[in-house]
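Take a look at the letters that make up each chain.
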Amino acid sequence: MAGLEVAGVVLGSIPLVISALEHYGEGVAVMKNMRDFEYVFDDIQTQFAASVGIYVNSCYQLLGPLNLPDEQMNELLDERNIRAWSEPKLQSGVQARLGPNTKVYISLMAKLNKRIRLFCKKLKLDDDLKPPWLGSDGSIDEKARRKFFKSTWTKIKGGFDAAKYATLLEGIDRDIDKISKLTSGGLQLEPLRAERKNRMQSIYWQNVRHQAERLFDSLSARFNPCACNQPHQANLRLDVRKENDGQDEHTRFAFLLTFEKSACIPQSLPWDWRHIEIESSQSLVTQQVIPITTESSRKTAHFAPSIIVSSSTQATSRSASPSLAAKIDNLCGALMDGSQFFQIGCCLGVLDDQQWQHHVYAVAGPGSNDQVSEPASLNEMICGARSITTRQKCTLALTLASSVLQLHDTPWLPRSWDTKDIFILKGKSGSILPSAYVSRTFDSPTVSPAVVKGRRSCVKNEHLFALGVALLEIAHGAPLMSLLTPEDLNDDGQQDSMTEFRVATRLADEIHEAESENYARAVLRCIRCNFDSFQADFGDQEFREKYFEGVIMPLQTDWEFVTGGKT
Ligand SMILES: [Zn+2]
């Protein structure tokens, strides 16, 4: 948001203009035959000071709730440092407060600044907004003052007689009144805007989930059974999606398609690893599909597991020559031609699902340069000898929390999932490839959606509890049940159906001693389902909003802190 610095310019000029008016008043008072104008200046000065007082208040009102450090507030409001007003973080904070009124605010401010400058010009102030008889050290040059009031004054006093200055001051007053109303109005609207944003977010996540569910059905219909008679496996990449205001419904899912290797002879497979991305949209007769290059397809594997911040507006570099995408009847056959996978962003065609069209793109994918050898579960990674770095921990935590919101109650994520259901891929060289995946194999006529492992009666929301356990395991670098102590056992010294819950709550209550406050609070909310809401179901909009605020936001803050917000 450019232009906020003008607020600093106005703030800086105010004391100078007030001081200039005082000097005018004094000058007029000591000149013979000009005493009548003393009152005029007094009036002008009072009116100007009152108006700008309201302006300064509006600046405090605008900045106060941003909770800026004292030092920064001093720079902005007391020292009136113009550069301090152009600081990008401050600008985005002000934009968040004023919302769509930001533009109006800035243009009003520019108008006000123009009027003040005009006022100064009419008073014949110099570039530093000082009367010409005032030295830079504040000393008064009597000779220059006398000369000014004898010659220049006669030229400008007509303006005072004709009340032209009063009109200009009224204009200044009106601008300030509008600015002040806009600032206070903006503040009153802010909670409403935040509420609306949360609601739109919540709807967006629900749409993403529906899309994931539809894609499962679509892939299942094509792979189960498939003409090649091999058990197809789809690995869905877990992406952290950017905040979305719900306006753009195009969401991309990335898949790594392969086969359930343990159930087939590798030589008989029609193809092996295929990276694709699917973007779904509601069918439109005129829909055109254009080969595109995506940001994620250019990513190189350097850190594992990395975060994929998927944007709904990825399609930035569309190539020319749009063409209508062909319908894919045989997905397995379409994937057979490996040459297409060397053309990054090539559209393979469309999976037509009645009202929905799923556009399939061939992408390079994370394993392209170092073909995937075998997937390892997150559980294996946790149990492994190598410790999980802080960066990996923060990345995994945010990815999993976001994925729960995107995939809850779809066939992709069992209701009581655990770290064995999350996969990290290994390259042939043994390196861990970026990204985490969930995996489904289409090998039986009825792929049971979300296999329910024994339900825990004490747990209000299985998905949430599973996430809490995964976060605990990642933090401890050990499976939950390996952290069992005698105090977690029942009165008979035995394990029972409550044992897992007891271990988890004990660890969650202690986790703030070792982890950041954000991480600890997120874990505690997941394990104890502590959201101050009547519902504990992701189908409930309010609950989704509270989950976003209470779990995803704090984990995102930690992730941004550790990684600097970079992937
Ligand atoms: Zn097949």
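Residues numbered from 1 in each chain as written. Predicted model: local features only at pLDDT ≥ 70, side-chain atom pairs only at ≥ 80, totals over all residues. Heavy atoms only, no water.

Remarks on the overall build of the protein chain
Of the regular secondary structure elements, the protein chain holds 15 helices and 12 strands. Counting only residues that meet the buried cut, the protein chain has 50% of its 567 residues in that class. Partitioning the contacts of the protein chain with sequence separation of at least 6, the portion at a separation of at least 24 is 73%. As presented, the protein chain carries roughly 27,100 Å² of accessible surface, and 50% of it is formed by carbon and sulfur atoms. (Helix = DSSP H or I, 4+ residues; strand = E, 2+ residues; numbered from the N terminus. Buried < 20%, exposed > 50% of the residue type's maximum accessible area, 1.4 Å probe, protein only. Contact = heavy atoms within 4.5 Å. Areas by Shrake-Rupley, 256 points an atom, 1.4 Å probe, with all protein chains shown as cover.)

Observations regarding the coordination of the zinc ion
Distances from the zinc ion to its protein donors, Cys226 (SG), Cys228 (SG), His232 (NE2) and Cys332 (SG), fall within 2.0 to 2.3 Å. Viewed at the metal, the 4 donor atoms of the zinc ion are separated by angles of 106 to 114°, and the geometry they form is tetrahedral. Between the donor residues of the zinc ion, the gaps in sequence give the motif C-x1-C-x3-H-x99-C. Note that His232 is positioned in strand S1 (residues 232-237) and Cys332 in helix H9 (residues 331-336), a separation of 100 residues in sequence. Grouping residues by exposure puts His232 and Cys332 together as buried. (Donors = N, O, S within 2.8 Å, 3.2 Å for Na, K, Ca; no water. Tetrahedral: all angles 85-135°; square planar, octahedral: opposite > 155°, others 65-115°.)

Some points on the side chain of Thr499
Relative to the assigned elements, Thr499 resides in helix H13 (residues 499-510). Residue Thr499 is classed as buried on the basis of its relative accessible area, which comes to 1%. Thr499 has contacts with Met481, Leu484, Asp488 and Gln494, leaving out every residue within four places of it along the chain.

Observations concerning the pairing of S1
Burial of S1 is extensive: 6 of the 6 residues sit out of reach of the surface. Alternating residues of S1 divide into His232, Ala234 and Leu236 and Gln233, Asn235 and Arg237, and every residue in both groups is buried. Judged from the 5 bridges that link them, S1 and strand S3 (residues 252-259) form a sheet pairing that is antiparallel. Opposite Leu236, over in S3, you have Phe255 as the bridge partner. (Pairing = 2+ DSSP bridges.)

With respect to the environment of Thr505
As for its position among the elements, Thr505 is in helix H13. By relative accessible area, which is 10% here, Thr505 ends up buried. A distance of 3.1 Å separates the side chain of Thr505 from the backbone oxygen of Arg502, its partner in a polar contact. (Polar contact = N/O pair within 3.5 Å; in protein donor to acceptor, adjacent residues only side chain to side chain.)

Describing a negative patch on the surface
Taken together, the side chains of Asp70, Glu71, Glu75, Asp78 and Glu79 make up a negatively charged region of the molecular surface. On the secondary structure map, Glu79 appears in the loop between helix H3 (70-78) and helix H4 (88-98). (Patch = residues over 30% accessible without salt bridge, like charges linked within 9 Å, V, L, I, M, F, W, Y side chains within 5 Å. Salt bridge = Lys/Arg side-chain N within 4 Å of Asp/Glu carboxyl O. Lys, Arg positive; Asp, Glu negative; His and termini not counted. Charge placed at Lys NZ, Arg CZ, Asp CG, Glu CD.)

What about the environment of Glu170?
In this fold, Glu170 is placed in helix H8 (residues 164-223). Counting along the chain gives 123 residues from Glu170 to Gln47, while the straight-line C-alpha distance between them is 8.8 Å.

Topic: the environment of Ala50
With respect to the helices, strands and loops of the structure, Ala50 is situated in helix H2 (residues 35-63). Between the C-alpha atom of Ala50 and that of Asp173, which follows or precedes it by 123 residues, the distance is 8.8 Å.

Some details on the confidence of the model for the protein chain
Here the protein chain shows a mean pLDDT of 81. Residues at 70 or above account for 82%. Residue range residues 310-323 is modelled with pLDDT below 50. Its contacts to residues more than four positions away, or to other chains, number 27 contacts. (pLDDT = per-residue confidence, 0-100.)

A few points about helix H11 (residues 390-407)
Here H11 is 18 residues long and its end C-alpha atoms lie 25 Å apart, about the 26 Å a rise of 1.5 Å per residue gives. Of all the 18 residues making up H11, 16 are buried; the element is thus mostly covered by neighbouring parts of the structure. Downstream of H11 by a residue or two, Asp409 has a phi angle that is positive, lying close to 55°. (Expected span 1.5 Å × (residues − 1).)

Observations concerning the nonpolar core
By size, the foremost hydrophobic cluster in this structure holds 86 residues, and its most contacted members are Phe255, Trp412, Leu467 and Tyr547. Composition of this core by domain shows at least three residues from each of domain 2 (202-362) and domain 3 (454-563). If we skip the residues at most four places from it in the chain, Leu467 touches Leu400, Ala401, Val404, Trp417, Cys526, Tyr547 and Val551. (Core = buried A, V, L, I, M, F, W, Y, C linked by side-chain atoms within 4.5 Å. Domains from an automatic or database assignment.)

Side note on the packing of H11 against helix H15 (residues 541-563)
Contact geometry of H11 with H15 gives a least axis separation of 9 Å together with a crossing angle of 155°. By the angle between their directions, the pair H11 and H15 is classed as roughly antiparallel. Crossing geometry of H11 relative to H15 is assigned as left-handed. Each of Thr390, Arg391, Cys394, Thr395, Ala397, Leu398, Ala401, Ser402, Val404 and Leu405 in H11 lies in contact with H15, whose residues at this interface are Arg544, Tyr547, Phe548, Val551, Ile552, Leu555, Gln556, Asp558, Trp559, Val562 and Thr563. (Axes fitted to C-alpha atoms, helices over the stretch in contact; angles between N-to-C directions. Parallel < 35°, antiparallel > 145°, perpendicular 65-115°, else oblique. Left-handed = near helix turned anticlockwise from the far one by under 90°.)

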